[in-house]
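Chain residues, written in single-letter form:
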2 protein chains.
Amino acid sequence: MADGTSTPEPIQRLIEAFHRLPGVGPKSAQRLAYHILRAPEQEARALSDALLDVKRRIRLCSVCMNITEQDPCTYCADERRDHTTICVVEQALDLLAIERSGYRGLYHVLHGVLNPMDGVGPEDIRVRELIVRLQDGVAQEVIMATNPSLEGEATAMLIQRLIGPAGVKVTRLARGLPSGADLEYTDDVTLARALEGRRELV
Amino acid sequence: MADGTSTPEPIQRLIEAFHRLPGVGPKSAQRLAYHILRAPEQEARALSDALLDVKRRIRLCSVCMNITEQDPCTYCADERRDHTTICVVEQALDLLAIERSGYRGLYHVLHGVLNPMDGVGPEDIRVRELIVRLQDGVAQEVIMATNPSLEGEATAMLIQRLIGPAGVKVTRLARGLPSGADLEYTDDVTLARALEGRRELV
């Protein structure tokens, strides 16, 4: 930008930090930075502290790999939940979507999907942790709730192949989901239907 | 949100802090928070530090009220600039827009406009500082570059009335600007035209 030299360095640096966030363009980043300048100090401090706190206090649950403050997480520690069913999702935000649809079993968060084009293989996502977890024989069913995309389907197929021999039933969310949709933004009713219509992978 | 109880508190707090930013809705705030969770620690730290730094190191220039790290700011301290002309803008972002159009005089940042509906009077914006500043007799012309809105026009008229007796020429950006536009987003050429066509307030 032509004004780069005359914008004070701390502001420039804040603009760049905002610009690094997903969906925040250069103009939005500038607006956000100037908003912080005008905002009360405590607003800037609240955001600053929250950023550090999240990195400091949040870890992965050693059971389901969901993000959590305590280990095991509140889902895994909840005795009222159905511990015989594990719903496998790509990312933590998908877990929240499934939860909103009324599901009350357990989860497993993969933190990614297979994507050979980007060089993401089975060892790059949390598949091994799922297999280890199934060895206690508690889980009777694994619901594959990866996105209805090419990568999501491939991931579901791989996991079905890997855990099938363990004698656990592997099901897939019904394809009531429109192809190419993003699970995170799907409405609760559609998700509930998809859960109901889940079918065994054969 | 239905998932409010099971989202770890530090994440909830980060979502709320993002949501407080202008133009960031609840869904975007959630996305940003989960992005931070996945991002390298140094990215979170860079944003966190930049936020505090801006509040710590940025102040108002005692001459022109622009935001700055040193006092006086780089514009006021620059001897190559035309010190006989002062361009009055509503906010610091407008100054950057004017600068991009090629203007090389001095500035005065009001940090607001008159808005009787919201209870913003002349004492709430930096008008007094402008009047004090004109007393040294250096400035020959004051260009009113407030937005072409109702409030911007009213502010220009008030300032013209207040500083007219000092014998300084007061001009206004030509109304080449489409009514209701936002100065910050106006393209450089239109802004340059508006500067050229400025006329004396009578």
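Our structure is the block above this text.
Residues numbered from 1 in each chain as written. Chains lettered and ligands numbered in written order. Predicted model: local features only at pLDDT ≥ 70, side-chain atom pairs only at ≥ 80, totals over all residues. Heavy atoms only, no water.

1. Side note on the interface of chain A and chain B
Across the boundary between the two partners, chain A contributes 54 residues, which contact 54 residues of chain B. Together, the buried faces of chain A and chain B total about 5400 Å²; carbon and sulfur atoms form 66% of this surface. When residues of chain A are sorted by the area they lose upon contact with chain B, R31(A), L51(A) and K55(A) head the list and together hold 12% of the total. Across the chain A-chain B interface, the total number found is four salt bridges. (Contact = heavy atoms within 4.5 Å. Buried area = accessible area lost by both parts, 1.4 Å probe. Salt bridge = Lys/Arg side-chain N within 4 Å of Asp/Glu carboxyl O.)

2. Re the pattern of salt bridges
Residue and element names in this part refer to chain B. Taken as a whole, this structure holds 27 salt bridges over all chains when the rule is applied. When the shortest N-O distance is used, the salt bridge between R13 and E9 registers 2.8 Å. Pair noted here: R13 and E9 are both in helix α1 (residues 9-19), with a separation of four residues, about one helical turn. Exposure remark for E9: the relative accessible area of 39% places this residue in the partly exposed category. Residue E129 is joined to R126 by a salt bridge in which the shortest nitrogen-to-oxygen separation is 3.2 Å. Residue classification places R126 among the partly exposed positions, given a relative accessible area of 30%. (Helix = DSSP H or I, 4+ residues; strand = E, 2+ residues; numbered from the N terminus. Buried < 20%, exposed > 50% of the residue type's maximum accessible area, 1.4 Å probe, protein only.)

3. A word on unusual backbone geometry
Residues and elements named next belong to chain A. Across the junction of D71 and P72, the peptide omega takes the value 0 degrees, indicating a cis bond. Among the structural elements, P72 can be located in the loop between β2 (67-68) and α4 (74-77). For H111, which is not a glycine, the phi torsion comes out positive at approximately 60 degrees. Looking at the element boundaries, H111 is found in the loop between β4 (105-109) and α6 (127-134).

4. Some details on the side chain of E43(B)
As for its placement among the helices and strands, E43(B) is situated in helix α3 (residues 41-57). At 6.0 Å, R20(A) is the nearest oppositely charged side chain to E43(B), a buried residue that forms no salt bridge. In terms of polar contacts, E43(B) uses its side chain to reach the side chain of H35(B), at 2.9 Å. Beyond its immediate stretch of four places on either side in the chain, E43(B) contacts R20(A), L21(A) and H35(B). (Lys, Arg positive; Asp, Glu negative; His and termini not counted. Polar contact = N/O pair within 3.5 Å; in protein donor to acceptor, adjacent residues only side chain to side chain.)

5. Points about the packing of helix α3 (residues 41-57) of chain A against α3(B)
At a minimum axis separation of 9 Å, α3(A) and α3(B) run at an interaxial angle of 160 degrees. Accordingly, the angle class assigned to the pair α3(A) and α3(B) is roughly antiparallel. Here α3(A) runs over α3(B); the crossing is left-handed. Contact residues: α3(A) offers E41(A), A44(A), R45(A), L47(A), S48(A), L51(A), L52(A) and K55(A), while α3(B) offers E41(B), A44(B), R45(B), L47(B), S48(B), L51(B), L52(B) and K55(B). Taken together, the residues of the contact of α3(A) with α3(B) break down into eight nonpolar, two polar and six charged. (Axes fitted to C-alpha atoms, helices over the stretch in contact; angles between N-to-C directions. Parallel < 35°, antiparallel > 145°, perpendicular 65-115°, else oblique. Left-handed = near helix turned anticlockwise from the far one by under 90°. Nonpolar A, V, L, I, M, F, W, Y, C, P; charged D, E, K, R; others polar.)

6. Things to note about the relation of the copies chain A and chain B
Note on the chain copies: they are related by a rotation about an axis and a translation along it. With an RMSD of 0.1 Å, the operation that places chain A on chain B is a rotation of 180 degrees combined with a shift of 0.0 Å along the axis. One copy is carried onto the other by what is essentially a two-fold rotation axis. The position closest to the rotation axis in chain A is occupied by the C-alpha of S48(A), lying 2.1 Å away. A symmetric contact is evident, with 100% of the interface residues of chain A recurring at the interface of chain B. (Least-squares fit on C-alpha atoms with pLDDT ≥ 70 in both.)

7. Some points on the packing of aromatic side chains
Remark: the centre distance and the inter-plane angle together describe each pair of aromatic rings, the angle taken between the planes. In the structure shown here, the tally under the stated rule is four aromatic pairs over all chains. Their ring planes at 75 degrees and their centres at 5.4 Å tell us that Y75(B) and Y107(B) sit as a pair that is edge-to-face. Of this pair, Y75(B) sits in helix α4 (residues 74-77) while Y107(B) is found in strand β4 (residues 105-109), placing the two residues 32 residues apart along the sequence. Members of the aromatic cluster, each reached through a chain of ring pairs, are Y75(A), Y103(A) and Y107(A). (Phe/Tyr/Trp six-rings, centres within 6.5 Å; stacked < 30°, edge-to-face > 60°.)

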